[in-house]
Amino acid sequence: MSQKDQNTIQSDPGQESGSYTEEDRVYVEGQCNVVTESNGPFPFDEGRKLPELKVAYETYGKLNSDKSNAIMIFHALTAGAHAALWHKGDKRPGWWDSMIGPGKAFDTDRFFIIAANVPGSCYGSTGPASINPETGKPYGLQFPIITVRDMVRAQAWLLDDLGIDVLYAVAGGSMGGMQALQFAVSYPHRARGIIAIASTTRHNAQQIAFNEVGRQAIMRDPGWGHGDYLNGSGDEVEGPAHGLAIARMVGHITYLSEEGMHQKFGRRQKDREASPNPFDIDFEVASYLDYQGRSFTKRFDANSYLYLTKAIDTFDLSEGFSSLENALAEAPRRFLLITYSSDWLYPPQQLREVARAIRRAGRSATYCEIDSIYGHDSFLLKNEDQEDFVRGFLNSLEREEV
């Protein structure tokens, strides 16, 4: 890859590694908790139970004496528990480092921040790549189908083990926003405030369609082998790398916007040697997507991608209720909903409708739409408006009686 191409390609949004010096870095180590040890086997909505469920998590700041200053951060589809600060040897900080830290929106001088990896992922929590104790091999497709309700149940069990009954707030963007909203419905008395960003209460046909293309790309890759591409030996295997890369490319397109892509790439072509293949990559935007796809295969598990995209496609906050308003009737009193003008994956009208439902349910919803050209990924980038809205909302919770 040419130097020009490398300069064109940026790291994941929110991870501006070039703005840090070695002296700026504060390091953190991940933790892991077996939430089933004190709660018994973990039940999934599909009906099966796992005798052991591990939840990987990180914490930032200090828990106060009455455990009233804890905030739980829920991550998006392919992120994990590493939300802030640095891991030894990493080239960039956690995925929401711009929002979490001393003096930042989630101020670690005031709050104890918990970020946990969802079950089904591949960043430390139990998922399809984990070893099934009954077979001694990775679960693969023997792993239970997961839902967003399962995700927040695992987080609630983690809170039980940490001895935290009520959170100051929960917050998340994209899939993390779905978890925040589900937490409000599943555990209405365990959080004072709810922050959902660039999210929705259920997918529409277009959102499902994009995820289905990604899943089909993985499952039609010969390397997928019906999910049995991991042998449990620890050896590196290629698996459905080509399919997973394509899935990431499709997904990444939905995270950007037309204007953002135009400003970043336009129709510029990359420098390359003459090739007998007229369809070799020649546009810079194609080179960018190719890089994103290939690099993604080095850090994410294909089966986890299948499980998590299916979870958000089947998510429906009103499931089991006669209406969304009824689902929210017992929810915490205060919500902050943030959207971005150029987000066409989760367009602003979806959370705008949620704000109306919250108010009809007798709760308070602060709805904020931020002007941005960076599409869905805007919530991961440093944005002063987002920071001010979150900071103001958290301050307002402090002034309100529990």
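Residues numbered from 1 in each chain as written. Predicted model: local features only at pLDDT ≥ 70, side-chain atom pairs only at ≥ 80, totals over all residues. Heavy atoms only, no water.

1. Things to note about the sheet that holds strand S11 (residues 167-173)
Reasoning step 1: Pairing in this open sheet of 8 strands is mixed, and the strands run S1-S4-S8-S5-S11-S12-S13-S14 from one edge to the other. Edge strands, defined here as strands with exactly one partner in the open sheet, are strand S1 (31-34) and strand S14 (364-370). Put simply, the sheet's adjacent strands are angled 20° from each other on average, direction ignored.
Reasoning step 2: By the bridge criterion, 5 bridges tie strand S12 (residues 191-197) to strand S13 (residues 334-340) in an arrangement that is parallel. (Pairing = 2+ DSSP bridges. Helix = DSSP H or I, 4+ residues; strand = E, 2+ residues; numbered from the N terminus. Axes fitted to C-alpha atoms, helices over the stretch in contact; angles between N-to-C directions.)

2. Points about the confidence of the model for the protein chain
Reasoning step 1: Model confidence for the protein chain is summarised by a mean pLDDT of 91, while 92% of its residues fall at 70 or above.
Reasoning step 2: Note that residues 1-18 has pLDDT below 50 and, in this model, 39 contacts with residues that lie over four places away or in other chains. (pLDDT = per-residue confidence, 0-100. Contact = heavy atoms within 4.5 Å.)

3. Some details on the packing of helix H3 (residues 148-162) against helix H4 (residues 175-186)
Reasoning step 1: One way to put it is that H3 packs onto H4 with a least axis distance of 9 Å and a crossing angle of 70°. Here H4 runs roughly perpendicular to H3, going by the angle between their axes. Between H3 and H4 the crossing geometry is right-handed. When H3 is examined against H4, the residues Val148, Arg149, Met151, Val152, Gln155 and Leu159 are found in contact with a partner set consisting of Met175, Met178, Gln179, Gln182, Phe183 and Ser186.
Reasoning step 2: A breakdown of the residues in the contact of H3 with H4 according to their chemical character gives 7 nonpolar, 4 polar and 1 charged. (Parallel < 35°, antiparallel > 145°, perpendicular 65-115°, else oblique. Left-handed = near helix turned anticlockwise from the far one by under 90°. Nonpolar A, V, L, I, M, F, W, Y, C, P; charged D, E, K, R; others polar.)

4. Topic: the packing of aromatic side chains
Reasoning step 1: For the coordinates displayed, the defined rule picks out 16 aromatic pairs.
Reasoning step 2: Each ring, one from Tyr123 and one from Phe300, has its centre 5.7 Å from the other, and the planes form 75°; the classification is edge-to-face. Of this pair, Tyr123 sits in the loop between strand S8 (112-116) and strand S9 (131-132) while Phe300 sits in the loop between helix H8 (284-296) and helix H9 (302-314), and the two are 177 residues apart along the sequence.
Reasoning step 3: A residue is classified by how much of its surface remains accessible, and Tyr123, at 28% relative accessible area, is partly exposed.
Reasoning step 4: Consider the rings of Tyr139 and Phe143, whose centres lie 5.4 Å apart with planes at 80°: the pair is edge-to-face. Comparing Tyr139 with Phe143, the two get one shared label, buried.
Reasoning step 5: What links up through ring pairs into an aromatic cluster is the set Phe42, Phe44, Tyr139, Phe143, Trp157 and Tyr307.
Reasoning step 6: For Arg25, the ring lying beneath its charged end belongs to Trp86, and the centroid distance is 3.9 Å.
Reasoning step 7: Across from the ring centre of Phe296, 4.6 Å away, lies the NZ or CZ of Arg248, which sits over that ring. (Phe/Tyr/Trp six-rings, centres within 6.5 Å; stacked < 30°, edge-to-face > 60°. Buried < 20%, exposed > 50% of the residue type's maximum accessible area, 1.4 Å probe, protein only. Lys NZ or Arg CZ within 6 Å of the ring centre and 35° of its normal.)

5. Observations concerning the packing of helix H6 (residues 241-255) against H8
Reasoning step 1: Packing of H6 against H8 brings their axes to within 8 Å, and their N-to-C directions diverge by 130°. On the basis of their axis angle, the class for H6 and H8 is oblique. You can see that H6 and H8 cross each other, and the crossing is right-handed. The segment H6 lies against H8, with Leu244, Ala245, Arg248, Met249, His252 and Ile253 engaging Tyr288, Leu289, Asp290, Gln292, Gly293, Arg294 and Phe296.
Reasoning step 2: Here the residues of the contact of H6 with H8 are counted per class, giving 7 nonpolar, 3 polar and 3 charged.

6. Focus: helix H5 (residues 205-219)
Reasoning step 1: Between the first and last C-alpha of H5 there are 21 Å, a value that for 15 residues agrees with the 21 Å anticipated at 1.5 Å per step.
Reasoning step 2: Within H5 the residues assigned to the buried category are Gln207, Asn211, Gly214, Arg215, Ala217 and Ile218. The arc enclosing the buried residues of H5, seen along the axis, measures out at 160°, which places them on a common side.
Reasoning step 3: In this structure, the buried side of H5 is in contact with H6, H9 and helix H11 (348-360).
Reasoning step 4: Two to three positions downstream of the cap, the backbone nitrogen of Gln206 sits 3.1 Å from a side-chain oxygen, assigning the N-cap of H5 to Asn204. (Expected span 1.5 Å × (residues − 1). Arc of directions from axis to C-beta. Polar contact = N/O pair within 3.5 Å; in protein donor to acceptor, adjacent residues only side chain to side chain.)

7. Overview of unusual backbone geometry
Reasoning step 1: For Lys67, which is not glycine, the phi dihedral falls at a positive 55°.
Reasoning step 2: Topologically, Lys67 is positioned in the loop between strand S4 (54-60) and strand S5 (70-74).

8. Some remarks on the environment of Ala171
Reasoning step 1: Mapped onto the secondary structure, Ala171 falls in strand S11.
Reasoning step 2: A residue is classified by how much of its surface remains accessible, and Ala171, at 0% relative accessible area, is buried.
Reasoning step 3: Considered as a pair, Ala171 and Leu337 are 166 residues apart in the sequence and their alpha carbons are 9.9 Å apart.
Reasoning step 4: Those residues in contact with Ala171 that lie beyond four places of it in its chain are Met72, Ile73, Phe74, Phe106, Ala180 and Ile195.

9. Let's talk about the side chain of Thr108
Reasoning step 1: Along the polypeptide, Thr108 turns up in the loop between strand S7 (106-107) and S8.
Reasoning step 2: Dropping the residues within four chain positions of it, Thr108 is found in contact with Tyr60, Gly61, Lys62, Ile100, Gly101, Pro102 and Ile113.

10. Comments concerning helix H12 (residues 384-399)
Reasoning step 1: Taking 1.5 Å of rise per residue, the 16 residues of H12 would be expected to cover 22 Å, and the 23 Å separating its terminal C-alpha atoms lies within 8% of that figure.
Reasoning step 2: Taken together, the buried positions of H12 are occupied by Gln386, Glu387, Val390, Phe393, Leu394, Ser396 and Leu397.
Reasoning step 3: Elements that come into contact with the buried residues of H12 comprise S5, S7, S11, S12, S13 and S14.
Reasoning step 4: N-cap assignment for H12: the residue whose side-chain oxygen lies 3.0 Å from the backbone N of Asp385 is Asn383.

11. Structural notes on the environment of Ile194
Reasoning step 1: Along the chain, Ile194 turns up in strand S12.
Reasoning step 2: Sequence separation between Ile194 and Ser322 is 128 residues, and the spatial gap between their C-alpha atoms is 22 Å.
Reasoning step 3: The residues contacting Ile194, other than those within four sequence positions of it, are Val170, Ala180, Leu181, Ala184, Pro332, Arg334, Phe335, Leu336 and Phe393.

12. Focus on the pattern of salt bridges
Reasoning step 1: Counted under the stated rule, the structure contains 17 salt bridges.
Reasoning step 2: Close ionic contact of Arg149 with Glu319 constitutes a salt bridge, the shortest N to O distance being 3.5 Å. Linking Arg149 in helix H3 with Glu319 in the loop between H9 and helix H10 (324-327), this pair joins segments that are 170 residues apart in sequence.
Reasoning step 3: Salt-bridge contacts for Asp388 lead to Arg391; the nearest nitrogen and oxygen are separated by 3.2 Å. Placement of the pair is Asp388 and Arg391 together in helix H12, with a separation of 3 residues, close to one helical turn.
Reasoning step 4: Residue classification places Arg391 among the partly exposed residues on the basis of a relative accessible area of 26%.
Reasoning step 5: A single salt-bridge network, built from bridges that share partners, covers Asp45, Arg149, Asp150, Arg153 and Glu319. (Salt bridge = Lys/Arg side-chain N within 4 Å of Asp/Glu carboxyl O.)

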